[in-house]
Amino acid sequence: MAEEAKTQEEKPQDKRPLVSRVPVKDKEMLDLLLADRGVTYYEEMKKFPVDTEAFKKTLDASCKSRIRTWLKICAHCGMCADTCFFYLANDRDPKQVPSYKIQSTLGEIVKRNGDVDTDFMINCMDTAWGKCTCCNRCGMYCPHGIDMGVMFGYTRGLCFSQGFVPHEMKIGSGMHWIFNAQMDVTVEDYVETCEWMVEENEEYYPGLTIPVDKVGADIMYVVNAREPKHYPQDLAVAAILFHLAGESWTVPSKGWEGTSLAMFAGDWACCKQQVENVYAAMERLKVKRYVGTECGHQHRATITEGPYWAGRKSGDPPVPGLHYVEWVLEALETGKLKLDPAKKIKEPCTLQDPCNYVRNHGLTDVTRKIMSYIAEDFREMSPNREHNFCCGGGGGMNGIGRYRKERNIGLKVKRDQILATGTKFVVSACHNCWDAIRDLEEVYKIGIKWSFLKPILLEMVIVPDHLKPKEEEEGANE
Amino acid sequence: MVAIYEFVRGPLALISFAVFFVGCIYRIIWYVKGLDWRLDRVAYSTQRSLGIKGAIRSLFHWLLPLNRTTVNHPIFMGATYLFHLCLIIAPLFLVAHVVLIEESWNISWITIPDPIPDYMAMVVIAVGVFFLLRRLTNPDVKIITDGSDYLVLAIAVAPFITGILAYHQIFDNQLMTILHILAGEIMLIAIPFTKLCHFVLFFCSRIQLGMDYGIKRGGAHGRGIAW
Ligand code: HEM
Ligand code: SF4
Ligand code: SF4
Ligand code: SF4
């Protein structure tokens, strides 16, 4: 007894195992993982056993006819090969054929009914996160309608349940468990950031507010934690544009974050609790509509997939959910926001179609109509719309150190697509795509600029007279 | 020989048709019962009209060569459309088959005059050879090919090879006829059990993905996905 107490006492803190089959739900564990930076984590993983009994049970409960059929009827015809940007970027490596990637991972798991070993699972992890961004492009081209993106999403869930998940993804879902956000931003931090942004900008935009928890507003605006954490100016610009458009809007305190790294991680329980927070805010504040920021996977997580995690039979969120681009177009078309045509972008520019709200939510023409308001010489990438290639950084890939090399190779496809347009300016209304394009420039130095819509709109928007700062008027009179 | 002929023509034919029909129906029931709106994340039942629209679009664009894959890979897709067309039409409307069925069960339907089905059978075999060569040479296809692919290709093409040999009275005619009937019966029995079950599951899978896109992935925005 005494001895046991002693060994426990002596056990240093960092001896707590980093790899486990359960999500991270306490701050101490989260800090251990953050401090480790993945080094010990992946070493530990090499010795982490597979719980085959649990695996069988999970498969029985979740692997149903849709996925089993896809795996069974795949004609092994190879039509999906050249639809995957990883295949193209890797000089047509047969190991990057989507069908091969899924058959050699999920296909084997199902065939062996979960009786697989550690090395096998590490390979699954490296494939599900390192060779697929779940962009769902291949599924559009398969004659049988087999969607490898959907299956890799499912495979990620299996990997997560067995503890074989990239370091950053484990941390990401942990953040959501602990902070209800993908980063360590608390409700207090968020509300303070809102206040700070108002203070910074109200001088130039008199009457500017960021109404927190205003019941009955028309719009509830929900952000990506990166914005308060690293780009608070984005939040300020959103507020300014709502202000200039005369919208009745609010941001929730609890439920302010709409992204879900848990979705990329395959932690379905966490996805549910994350999205339910946002839905609870919609209901608490009795808003008419939701508008999410310029983020692709936030829209996917909160509006497209979220209702299912939350068990909403209709497949719809509690109130209609708009992506930021939908709100922008509406504001432009109704004249709530007026842009100065003289300030249109003169140089040729192109547009990145994010898979998450274009291929996977049909917001295809919305962004093009916006481009007609803001650009004089807009040039399409090829292919575009639903057929666009992933930027190269989706599905969490941008954030995973272990696959940085693979990611950078994958970026070549987007690089060549951009180069082929002959433009030097890429508009991207998605955080992930924005990052990927930034990194693309860093790696390949092709001399491009890139931007979200908000800063472009702020440049061009006409401030109505009654909203202009007073000083200016007085100055003009003097 | 006559006894064997009578056996494959009579009881075995009945058994294989029974296995084929029951097996196919079972596959469909198994598929539909296994759909789960929460796991699949598709509101199949509450968004029915969007779902039906999406399903029809999906079938329409892929049963007909109106999709990007056909544009990007005209030779392979052309071959596969031709292969399937001939593979299904030729046996169904062959005079000899329809007569046989009329004799046994007293039902009949329109026929395609000889020798068109004969040419169609040759198309099936020719495309089958093309599929085989492609499997053996194309690295992207090679890496995903396994034994079952060769097996189902053989099962699919065998009735046509034996059919042509029997029709043209090459080799022993009675033996060839027996082999041809056997090959057809093997194919029927194999359909529910091998990946030839795509005969029904193709429709299930395409309808499912069509509903997924129709209901969840953009169908509600009025723009059907551009297959
Ligand atoms: C209406 C029913 C059918 C449809 C819609 C259909 C559809 C398809 C599709 C989409 C493929 C994958 C693309 C390809 O490899 O060509 C395929 C492959 C194939 N199908 Fe069918 N099929 C049907 C019936 C059949 C039947 C009855 C057979 C034979 C018994 C058959 C034999 C094959 C074979 C052997 C392949 C693989 C070809 C290869 O080696 O690449 N199909 N089918
Ligand atoms: S295109 Fe479809 S059927 Fe053909 S190999 Fe790829 S996943 Fe399989
Ligand atoms: S979902 Fe996208 S990244 Fe994944 S295999 Fe298909 S095309 Fe490739
Ligand atoms: S990062 Fe952008 S392009 Fe890539 S999968 Fe996500 S939304 Fe699509």
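Residues numbered from 1 in each chain as written. Chains lettered and ligands numbered in written order. Predicted model: local features only at pLDDT ≥ 70, side-chain atom pairs only at ≥ 80, totals over all residues. Heavy atoms only, no water.

(A) The coordination of the iron atom of ligand 1, seen in detail. Residues and elements named next belong to chain B. Taken together, the protein donors to the iron atom of ligand 1 comprise His84 (NE2) and His198 (NE2), at separations of 1.9 Å. Owing to a relative accessible area of 31%, His84 belongs among the partly exposed residues under this scheme. Of the residues examined, His198 reaches a relative accessible area of 22% and is grouped as partly exposed. (Donors = N, O, S within 2.8 Å, 3.2 Å for Na, K, Ca; no water. Buried < 20%, exposed > 50% of the residue type's maximum accessible area, 1.4 Å probe, protein only.)

(B) Summary view of the environment of Leu201 of chain B. Mapped onto the fold, Leu201 of chain B is located in helix H12 (residues 198-216). Overall, Leu201 of chain B belongs to the buried group, its relative accessible area being 0%. Residues Leu201 of chain B and Gly218 of chain B lie 17 residues apart in sequence; the distance between their C-alpha atoms is 24 Å. Residues contacting Leu201 of chain B, with those up to four places away along its chain left out, are Thr69 and Ile73 of chain A together with Arg27, Trp30 and Tyr31 of chain B. (Helix = DSSP H or I, 4+ residues; strand = E, 2+ residues; numbered from the N terminus. Contact = heavy atoms within 4.5 Å.)

(C) Spotlight on the packing of helix H6 (residues 74-93) of chain B against helix H10 (residues 147-167) of chain B. Residues and elements named next belong to chain B. Between H6 and H10, whose axes approach to 12 Å, the crossing angle comes to 50°. When the axes of H6 and H10 are compared, the pair comes out oblique. Relative to H10, H6 is oriented so that their crossing is left-handed. From H6, Phe83, Cys86, Leu87, Ala90 and Pro91 reach across to H10, where they touch Ala156, Val157 and Phe160. Partitioning the contact of H6 with H10 into residue classes produces eight nonpolar, no polar and no charged. (Axes fitted to C-alpha atoms, helices over the stretch in contact; angles between N-to-C directions. Parallel < 35°, antiparallel > 145°, perpendicular 65-115°, else oblique. Left-handed = near helix turned anticlockwise from the far one by under 90°. Nonpolar A, V, L, I, M, F, W, Y, C, P; charged D, E, K, R; others polar.)

(D) Just the sheet that holds strand S7 (residues 449-451) of chain A, in detail. Residues and elements named next belong to chain A. Ordered in space as S5-S6-S7, the three strands form an open sheet in which the pairing is parallel. Of all strands in the sheet, those with a lone pairing partner are strand S5 (350-351) and S7, marking the two edges. Where S5 and strand S6 (residues 425-427) come together, two bridges link them in parallel fashion. Paired with Thr350 across the bridge in S6 is Val426. (Pairing = 2+ DSSP bridges.)

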